[in-house]
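Chain and residue survey
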Amino acid sequence: MNTPPARDSVPALNRVPVLDRNLKPLPKAPVRIVHLGLGAFHRSHQAWYTQHAPDAAEWGIAAFTGRRPDAAEALSAQDCLYTLVERSAGGDSFEVIGSIVEAVDGADVARLCRLIAAPETAVVTLTITEAAYGLAADGTFDADAPGVADDLRALSAAAAGETAAAGEAAASGGTAASGEARVPGTPLGRLVLALAARRDSGAGPIAVVSCDNLSANGDVARRGILGMASAWGQDLAEWIGANVSFVSTSVDRITPRTTEEDIMEVAEQCGYSDHSPVVAEPFRNWVLSGNFPAGKPRWEDAGAVVVDDIEPYENRKLWLLNGSHSILAYAGQLCGHVTVAEALADPLCRKAVEDFWDEAANHLKGQGLDVPQYREALLERFGNARIAHRLAQIAADATTKLRMRAVPVLTAERAEGRSGAGAGLMLAAWVDYLNTARDVQDPLAAEIQAANALEGIERVQALLRLVNAGIAEDTDIVALVHGLCGSFTVTTPAPATPTHT
Ligand code: CS2
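Residues numbered from 1 in each chain as written. Predicted model: local features only at pLDDT ≥ 70, side-chain atom pairs only at ≥ 80, totals over all residues. Heavy atoms only, no water.

1. A closer look at the overall build of the chain
Our working rule: Secondary structure elements are taken from DSSP: a helix is a run of H or I of four residues or more, a strand is a run of E of two residues or more, and numbering for both begins at the N terminus. With C-alpha atoms as the basis for the radius of gyration, the globule rule is written as 2.2 Å multiplied by the number of residues raised to the power 0.38. Buried means the residue's accessible area, taken with a 1.4 Å probe over protein chains only, is under 20% of the maximum for its type, while exposed means over 50%, and partly exposed covers the values in between. The Shrake-Rupley method, run with a 1.4 Å probe sphere, supplies the accessible areas, and residue values consider only the shown protein chains as cover. The positive count covers Lys and Arg only, the negative count covers Asp and Glu only, and His and the chain ends enter neither. Throughout, a charge is located at the NZ atom of Lys, the CZ atom of Arg, the CG atom of Asp or the CD atom of Glu.
The helix and strand inventory of the chain stands at 21 helices and 11 strands. Computed over C-alpha atoms, the radius of gyration of the chain comes to 23 Å, within 12% of the 23 Å expected from 2.2 N^0.38 for 501 residues, which places it in the range of a compact globule. Considering the chain as a whole, with its 501 residues, one finds that 55% of them fall into the buried category. Total accessible area on the chain is roughly 19,800 Å²; 51% of this is exposed by carbon and sulfur atoms. Put simply, the chain has 41 plus and 63 minus side-chain charges, and the middle of one group is 3 Å from the middle of the other.

Okay, structure coming up:
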């Protein structure tokens, strides 16, 4: 193998199109989209669709990070450009993406307020993770979810006339001069403050587009945002109800975490240094449903699909792709595997996936869903061993994910008189995985720890309760899951679950 060039011996990626004869000029489009959750998935998905829309020159994205500023700093240092490495089984291809024009530390709430209050801004997209919507297991707004109580206090202080103080606090990084008006710290808390600024500026209606893997994610976003806005007052909640269109979407593109080798490969193959490339499979899919009162890019001309009824597409993706991902994450790690491709090659894990798919297929009857073809395509996508999609990355946030991925299939199967053992096995694999996992990343990590300390069927019941109260109250379901525990060989302790990109 050739020795790759040292990263800094090649020029840095920037918007001046002189680095490489093949680089097209990528001028910055004006900001009309604000994104919350600047991570690898946003960059491989929504940013790709925006770049490929025919009206891309009119639609720039200002993308805000979540908890840390790092991703914004790294992108800003290279004019917000980055390389998308499209990794197929046969090789890699490279494309410079320029649709993100501003990358901002999520803590810069003052900038968020200014951008959302601007009449040019028409769309807010979200990839804030399933867990960040602040909803309880029954789908209602949970004022006790992590960070939410603090934000409710911050918002009600801002509503009481301390907005200016909150803005100053945002600019100076935390606490207002009065020491009272903390700036919201959760993505939805920050967005509510910014929507209040939009209302005050008279900039008019706007669309909020959730791109997280949740069923009816537009409704979930509405509930989370209205729950937060309630701290501000009825007037803001009413304005949001009348002026914010909550668009539901189903998003799909497998995007593993970028590695040091990927960074070296880009330097070697592209001849410039890019500290933030993103790697993704060639496949991509985006289904949207809802209104865009202030316009949107022509994403559908880049392959996105706009539908009236999104539920069948959402269920197909959440159950077949994400559901089997969760089975592989827990069962695969129990069997000593590290990546999706490795786990799928294990007949025991593969059978668990196929059994679950058979159950899910019983409830995917919509026209045009073509479940057999979708399953075939998934086997090929998951089997792409050049995509090192780590099971530990998928294992995070289980309580929120299993609620969407296992519970609906389990309850639908039982309602039709069948056992639901395929979906039950996903839950059992998680329960067993918790015996071995060293570090569990989950919004309910403390509750998981307490439940995990119990034994036998009580432990199973207490863990299931964190996913969904209904299934934990059904003694037959608890017995089913308990009976399925131990189905996968426990080998070495599973690796620590890393944090989200
Ligand atoms: C995965 C998803 O981490 C997970 O939970 O199931 O991120 C999955 O890779 C994407 O939804 C693919 O579109």
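After that view of the structure, there is still more to cover.
2. A few points about the site of the ligand
The condition is simple: Whether a residue is near a molecule or strand is decided by its heavy atoms; if any one of them lies within 4 Å of it, the residue is near. Whenever two N or O atoms come within 3.5 Å, that pair is a polar contact, provided that in protein one can donate a hydrogen and the other can accept it, and provided that, for residues adjacent in sequence, both atoms are side-chain atoms.
In the vicinity of the ligand, the contacting residues are Asn213, Val251, Asp252, Arg253, Lys317, Leu321, Asn322, His325, His389, Ile394, Lys401 and Arg405. Interatomic distance of 3.0 Å between a side-chain N/O atom of Asn322 and an oxygen atom of the ligand. In this structure, an oxygen atom belonging to the ligand sits 2.8 Å away from a side-chain N or O atom of His325. A total of 340 Å² of accessible area belongs to the ligand in isolation, and the protein chains cover 88% of it. Listing elements by their share of the shell around the ligand, those giving two or more residues are β8 (244-252), α10 (311-334) and α15 (398-405). Among the elements that take part in the shell around the ligand, α10 stands out by supplying four residues, more than any other.

3. A closer look at the pairing of strand β6 (residues 123-126)
To keep things clear, this is the line we draw: Strands are treated as partners if at least two bridges between them are detected by DSSP.
Burial along β6 is two-sided: the residues Val123 and Thr125 and Val124 and Leu126 are all buried. Summarising the sheet, strand β1 (residues 31-36) and β6 pair through four bridges and their orientation is parallel. What sits directly across from Val34, in β6, is Val124. Looking at chain direction, β6 and strand β7 (residues 206-210) are connected through four bridges and run parallel. The residue of β7 that forms the bridge with Leu126 is Ser210.

4. Some remarks on the domain arrangement of the chain
Using the following cut-off: Annotation comment: domain bounds sourced from an automatic or database domain assignment. Whether two residues are in contact is decided by their heavy atoms: any pair within 4.5 Å suffices. The quantity reported as buried area is the accessible area (1.4 Å probe) lost by two parts once they are put together, taken as the sum for both.
Once the domains are mapped, the chain shows domain 1 (7-306) and domain 2 (311-484). For domain 1 versus domain 2, the distance between C-alpha centres works out to 28 Å. Listed as interface residues are 30 residues of domain 1 and, on the opposing side, 24 residues of domain 2. Interface area for domain 1 against domain 2, summed over the two sides, is near 2,200 Å², with a carbon-plus-sulfur share of 56%. On the domain 1 side of the contact with domain 2, Glu130, Ala137 and Ile254 bury the most area, a combined 22% of that side's loss.

5. Let's talk about the sheet that holds β6
Heads up, the rule is: Working convention: axes come from line fits to C-alpha atoms, limited for helices to the stretch in contact. Angles between N-to-C directions cover 0 to 180 degrees.
One open sheet accounts for eight strands, arranged β5-β2-β1-β6-β7-β8-β10-β11; its pairing is mixed. With partners counted over all chains shown, the strands left at the sheet margins are β5 (100-104) and β11 (305-306), one partner each. This element, α10, spans β8 and β10 (285-289) of the sheet and lies at about 40° to β8.

6. Observations regarding helix α8 (residues 234-243)
Operational definition: This arc is taken over the directions from the axis of the helix to the C-beta atoms.
Here α8 has its buried residues at Leu236, Ala237, Trp239, Ile240 and Asn243. Taken end-on, α8 shows its buried residues confined to a sector of 160°, consistent with a single buried face. Seen from the buried face of α8, the exposed residues on the opposite side, beyond 90 degrees, are Gln234, Glu238, Gly241 and Ala242. In the core, the buried residues of α8 are packed alongside α6 (187-201), β7, α7 (217-229) and β8.

7. Brief notes about the side chain of Ser248
By secondary structure assignment, the location of Ser248 is in strand β8. Its relative accessible area of 9% is what places Ser248 among the buried residues. Here Gly218 takes part through its backbone nitrogen, which lies 2.9 Å from a polar atom of the side chain of Ser248. Setting aside chain neighbours within four positions, we find Ser248 in contact with Ala216, Asn217, Gly218, Asp219, Val287, Leu288, Ser289, Ile310 and Glu314.

8. What to know about the sheet that holds strand β9 (residues 278-280)
Sheet strands associate in pairs through backbone hydrogen bonding, adopting either a parallel or an antiparallel arrangement. Sheet architecture is open: three strands sit in the order β4-β3-β9, paired in mixed fashion. Strand pairing shows two members of the sheet lacking a second neighbour, β4 (91-97) and β9, which therefore form its edges. Within this sheet the neighbouring strands show an average axis-to-axis angle of 25°, counted without direction. As defined by bridge partners, strand β3 (residues 82-88) adjoins β4 across seven bridges and the pair is classed as antiparallel. Each bridged residue has a counterpart across the sheet, and for Arg87 the counterpart in β4 is Asp92.

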